[in-house]
Amino acid sequence: MISLEHLLVIPCVDQNNPFDISPDGTTIAYSSNISGKWELYLLPIDRSDQPQLVQPGPGNRFTPKFSPVTPELLMCVVDYDGSESYHLLLCDLAIGESIDLTPGETLQPNFSWSPDGRQVAFISNRTGIFDVYLLDLPSSTTPKRTETARHAGSTGHPIWDVCWSPDGNWLACSVETEGSDYGIYLISTQNEDVILLGESGIPINASEPDWSPDGSQLIFRSTRHEYYDIGAYNIETGRITWITDLDGDDDNPVWDTTGTKIAHIHNDKSLNWLVVQELNGSCDSYKVAAGMHSHPRFTHDSKNVIVLFENPHQPPNLWRISLESDPIHKLTNSASALFDDIKLIKADEIQYPGLDDAQVPALLFRSASTDLNILPAAVVIAHGGPNWHISQGWDPFIVHLVSRGWIVLAPNYRGSTGYGRTWQNASYHDMGGIDTNDVAAGTQYLVRAGLANPLKIAITGRSHGGFLTMSCLTRFPNLWAAGSGVVPFFDWVASHYAAREDLQHWNIQNMGDPIENKQLWYERSPLNYLEQVCVPVQIICGGIDPRCPAQDSISARDRLQTLGKQVDFLLYPDEGHTFLKKENILDAETNCVNFLARYL
């Protein structure tokens, strides 16, 4: 068995937020948990020196971005307590000082420098909705906090990302629109002009904007058909040219420094690879190995692309892919003596019939040494999101479960991304319905296929996966030996009114108005059906979780205890939705595994 503690301390590069390359093209800034928490590091692209820790301090730091004109200035966001109340932190590398530019605010983790380095566009919910603001930075070399922040124009929707044009005239803002869709607004910094990207006057589902070096075009991803394609919007003509048109999602588009080619990631279900495409139409594909690539960035000479890569055998690291020769160089190193054992873990992409016979995609994890003559225990893992999907990336929790001899099934139920727009939208106004059915059908598949002991199948999941765990335990109580819900929610109504405004917007877009759809919200809330639970339950939650508030879990625990049900409850008062403290991560995941082991 591979130690969970050893797996959890293997350092990773942050796979959720981008890294950056310095203006002179020599240095990468990235976030890593080498020290046990997320901090910033600087690394020469040529690997001429070891990574250098940047000004350690309180909180966890993400999304480093160099000033476009002053390499000694590095901006990032910091989360001090895990509550996702991000702050802008300006680090002066020359004098070794940093300053919080936005104390007392709640920010999204995305921001953008102005091309002259004098301002930064950031996203704050200071008025109750996430809007974009412009912050004037000090002209002196010594950082000083300034209160000067101008509202840059509201779109009426929660803004998620912002990207400043190279000429300084436009802000490209990704905003939540209808359902799980996004839109891109172009907000002028010179006047009151606002443009919503669309075709023939009809807005399109678009996100992930990136400007050409001359600011004349904006590339983005959009589902004009079933899958995400890459489009380019011409500022002068207002027209969109479509660059890709393939089955499978294309995302993460970026320009090279010459404006003659782009890079993006092409996804094929649970795997993906890098694509570099000349504007004349020729393109080439690259990959480190079978797995997941993300956050591509061209080096300044446009001869290489830096990507983050991970797979079930390798934690997330930065790699340099040469476009002119064969070598692929690993830039960061997560060395571990466990890797030979980890390579015994198999991740097979499968399909199984749902309760309505639709084919549900899933990943089936097992050890290469699994004895199929003995029916093993199994764990079904429901992923969070729900607009996400289990892919062939790094997951130490799954590695450990499989190393115990258990089968792990990870369904990409309806509502998941990666399998087309129709599949993703199938749970619209039906969350806790069709997605729950798909997860439950996975258990029936394991039994029918002779892959697992029918008396020893448990379920677990985080966030929306924690909700689905409890939904499965109440709607299909006889399928399970136990269930562990991690940062779950139980009551759509209670968790909705306790959540942030942007999260409430998402709920209403995807489940309808809580008053108009009162019956649906009631029926899809596991809290109202806890008497159906007939196996031991574990609930793990964070005390400052802004997404799935702890009070909802406390109410569920109290109700389960009143009903005489067996419930194991763990509350981490100093954690939010994503646990950030190493000791809490290890304690929570160890307790989850030990709970499952008692019944498997």
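Remember, it's a predicted structure, so these values are computed and weren't measured experimentally.

Engineer: Looking at this model, I keep getting lost on the overall build of the protein chain. Mind explaining?
Structural biologist: Along the protein chain, the regular secondary structure elements total 11 helices and 38 strands. Relative to its length of 600 residues, the protein chain is compact, with a C-alpha radius of gyration of 24 Å against a globular reference of 25 Å. The principal-axis extent of the C-alpha atoms belonging to the protein chain is close to 65 × 55 × 50 Å. Scored against the burial criterion, the 600 residues of the protein chain give a buried share of 59%. Counted over contacts in the protein chain with a minimum sequence separation of 6, partners at least 24 positions apart contribute 53%. Element-wise, carbon and sulfur atoms account for 48% of the exposed surface of the protein chain, whose accessible area totals about 23,400 Å². Of the side chains in the protein chain, 39 bear a positive and 73 a negative charge, and the two mean positions are spaced by 5 Å.

Engineer: Just to check I follow, could you spell out the nonpolar core for this structure?
Structural biologist: Note that soluble globular proteins tend to have their nonpolar side chains buried in a common cluster. Within the largest apolar cluster, 59 residues are counted, with the highest numbers of intra-cluster contacts made by Met75, Leu88 and Phe365. Residues in contact with Met75, not counting those within four places in the same chain, are Thr63, Pro64, Lys65, Leu88, Leu89, Leu90, Leu101, Phe111, Trp113, Val120 and Leu137. If you look at the next biggest cluster of nonpolar residues, it comprises 47 residues, including Ile350, Tyr419, Trp521 and Leu560.

Engineer: Before we go on, may I ask you to explain the pattern of salt bridges in this structure?
Structural biologist: Oppositely charged side chains can pair when the atoms bearing their charge come close. A full pass over the atoms with the stated rule returns 14 salt bridges. Among the ionic pairs, Glu105 bridges to Arg126, the shortest N-O distance being 2.6 Å. Here Glu105, found in the loop between β8 (97-100) and β9 (107-113), pairs with Arg126, found in the loop between β10 (119-124) and β11 (131-136); they are 21 residues apart in sequence, far enough to count as distant. On the basis of relative accessibility, which here comes to 41%, the residue Arg126 falls in the partly exposed class. Across the salt bridge formed by Asp348 and Arg366, the nearest N and O atoms sit 3.7 Å from each other. Within this pair, whereas Asp348 is found in strand β31 (residues 345-353), its partner Arg366 is found in strand β32 (residues 359-367), the two being separated by 18 residues in sequence. On the accessibility criterion, Asp348 (25% relative accessible area) is partly exposed. By sharing partners, the salt bridges in this structure join Arg224, Asp229 and Asp245 into a single network.

Engineer: I tried to follow the sheet that holds strand β14 (residues 170-176) on my own but got confused; where do I start?
Structural biologist: Note on sheets: strands pair through backbone hydrogen bonds, and any given pair is parallel or antiparallel. Pairing in this open sheet of 4 strands is antiparallel, and the strands run β13-β14-β15-β16 from one edge to the other. At either end of the open sheet lies a strand with only one pairing partner, and these are β13 (159-164) and β16 (194-196). Along the sheet, successive strands turn relative to each other by an average axial angle of 20 degrees, direction set aside. Where β13 lies against β14, 5 bridges are found, and the strand directions are antiparallel. Bridging from a neighbouring strand, Trp164 pairs with Leu171 of β14.

Engineer: Looking at this structure, how should I read the packing of helix α3 (residues 396-403) against helix α11 (residues 582-599)?
Structural biologist: Between α3 and α11, the least distance of the axes is 12 Å, while the angle of their chain directions is 30 degrees. What the angle tells us is that α3 and α11 run roughly parallel. Crossing of α3 over α11 shows right-handed handedness. Across from Phe397, His400 and Leu401 in α3, the residues of α11 making contact are Glu589, Cys592 and Val593.

Engineer: I tried to follow the packing of aromatic side chains on my own but got confused; where do I start?
Structural biologist: The geometry of an aromatic ring pair is captured by the separation of the ring centres together with the interplanar angle, meaning the angle of the planes. Under the criterion given, the structure shown has 14 aromatic pairs. Ring centres of Phe489 and Trp492 lie 4.9 Å apart, and the angle between their planes is 75 degrees; this geometry places the pair in the edge-to-face category. As far as burial versus exposure is concerned, Phe489 and Trp492 are alike and both buried. Joined through ring pairs, the aromatic side chains of Phe467, Phe489, Trp492 and Trp521 make up one cluster. Across from the ring centre of Tyr133, 4.4 Å away, lies the NZ or CZ of Arg126, which sits over that ring.

Engineer: Teacher, can you tell me more about the environment of Ile381 here?
Structural biologist: The topology assignment puts Ile381 in strand β33 (residues 378-382). In this structure Ile381 comes out as buried when scored by relative accessible area, which is 9%. Here the alpha-carbon distance between Ile381 and Asp491, two residues 110 residues apart in the chain, equals 21 Å. Excluding residues that lie within four positions of it along the chain, Ile381 makes contacts with Phe397, Ile398, Leu401, Val408, Leu409, Ala410, Pro411 and Thr460.

Engineer: Just to check I follow, could you spell out unusual backbone geometry for this structure?
Structural biologist: Leaving glycine out, the prevailing phi sign among residues is negative, and the prevailing peptide bond configuration is trans. The peptide bond linking Gly385 to Pro386 adopts the cis configuration, its omega dihedral lying at 0 degrees. As for its placement among the helices and strands, Pro386 is situated in the loop between β33 and α3. Of note, Glu84 is a non-glycine position whose phi angle comes to about 65 degrees, a positive value. Phi at Lys269 takes a positive value of approximately 60 degrees, unusual for a residue other than glycine. For Lys269, the location among the structural elements is in the loop between β24 (261-268) and β25 (271-278). Note on Lys269: relative accessible area 41%, which makes it partly exposed.

Engineer: Explain the confidence of the model for the protein chain to me, please; I cannot follow it from the model alone.
Structural biologist: Keep in mind that low pLDDT regions are not for reading the predicted coordinates in detail. Counting all residues, the mean pLDDT for the protein chain is 93, and 96% of those residues have values of 70 or more. Across residues 140-148, confidence stays below pLDDT 50; counting only partners more than four residues off in sequence or on other chains, it has 18 contacts.

Engineer: What am I meant to see in the side chain of Asn412 here?
Structural biologist: Inspection of the secondary structure assignment puts Asn412 in the loop between β34 (407-411) and α4 (421-424). Classification of Asn412 as buried rests on a relative accessible area of 0%. In terms of polar contacts, Asn412 uses its side chain to reach the side chain of Tyr419, at 3.2 Å.

Engineer: In this structure, what is going on with the pairing of strand β20 (residues 217-222)? I would like to understand it.
Structural biologist: Two faces make up the sheet, and in a regular strand the side chains alternate between them. Among the 6 residues of β20, 5 are classified as buried, and the element is accordingly described as predominantly covered. Pairing geometry for strand β19 (residues 206-211) and β20, over 4 bridges, is antiparallel. By the bridge assignment, Trp211 is partnered in β20 with Leu218. The hairpin turn running from β19 into β20, its antiparallel successor, is 5 residues long, and Gly215 in that turn takes a positive phi close to 75 degrees. Of the strand pairs in this sheet, β20 and strand β21 (residues 229-234) are connected by 6 bridges, and their pairing is antiparallel. Residue pairing across strands places Gln217 opposite Asn234, the latter belonging to β21. With antiparallel pairing between neighbouring strands as the criterion, β20 and β21 make up a hairpin whose turn holds 6 residues.

Engineer: I keep staring at the environment of Cys534 and nothing clicks. Help me out?
Structural biologist: Looking at the secondary structure, you find Cys534 in the loop between α9 (518-523) and β37 (537-542). For Cys534, a relative accessible area of 48% translates into the label partly exposed. On a C-alpha basis, the gap between Cys534 and Ala172 in space is 51 Å, while along the polypeptide they are 362 residues apart. Leave out the neighbours within four places in its chain, and Cys534 touches Pro477 and Asn478.

About the criteria used
- Residues numbered from 1 in each chain as written.
- Predicted model: local features only at pLDDT ≥ 70, side-chain atom pairs only at ≥ 80, totals over all residues.
- Heavy atoms only, no water.
- Helix = DSSP H or I, 4+ residues; strand = E, 2+ residues; numbered from the N terminus.
- Rg over C-alpha atoms; globule rule 2.2 N^0.38 Å.
- Buried < 20%, exposed > 50% of the residue type's maximum accessible area, 1.4 Å probe, protein only.
- Contact = heavy atoms within 4.5 Å.
- Areas by Shrake-Rupley, 256 points an atom, 1.4 Å probe, with all protein chains shown as cover.
- Lys, Arg positive; Asp, Glu negative; His and termini not counted.
- Charge placed at Lys NZ, Arg CZ, Asp CG, Glu CD.
- Core = buried A, V, L, I, M, F, W, Y, C linked by side-chain atoms within 4.5 Å.
- Salt bridge = Lys/Arg side-chain N within 4 Å of Asp/Glu carboxyl O.
- Pairing = 2+ DSSP bridges.
- Axes fitted to C-alpha atoms, helices over the stretch in contact; angles between N-to-C directions.
- Parallel < 35°, antiparallel > 145°, perpendicular 65-115°, else oblique.
- Left-handed = near helix turned anticlockwise from the far one by under 90°.
- Phe/Tyr/Trp six-rings, centres within 6.5 Å; stacked < 30°, edge-to-face > 60°.
- Lys NZ or Arg CZ within 6 Å of the ring centre and 35° of its normal.
- pLDDT = per-residue confidence, 0-100.
- Polar contact = N/O pair within 3.5 Å; in protein donor to acceptor, adjacent residues only side chain to side chain.

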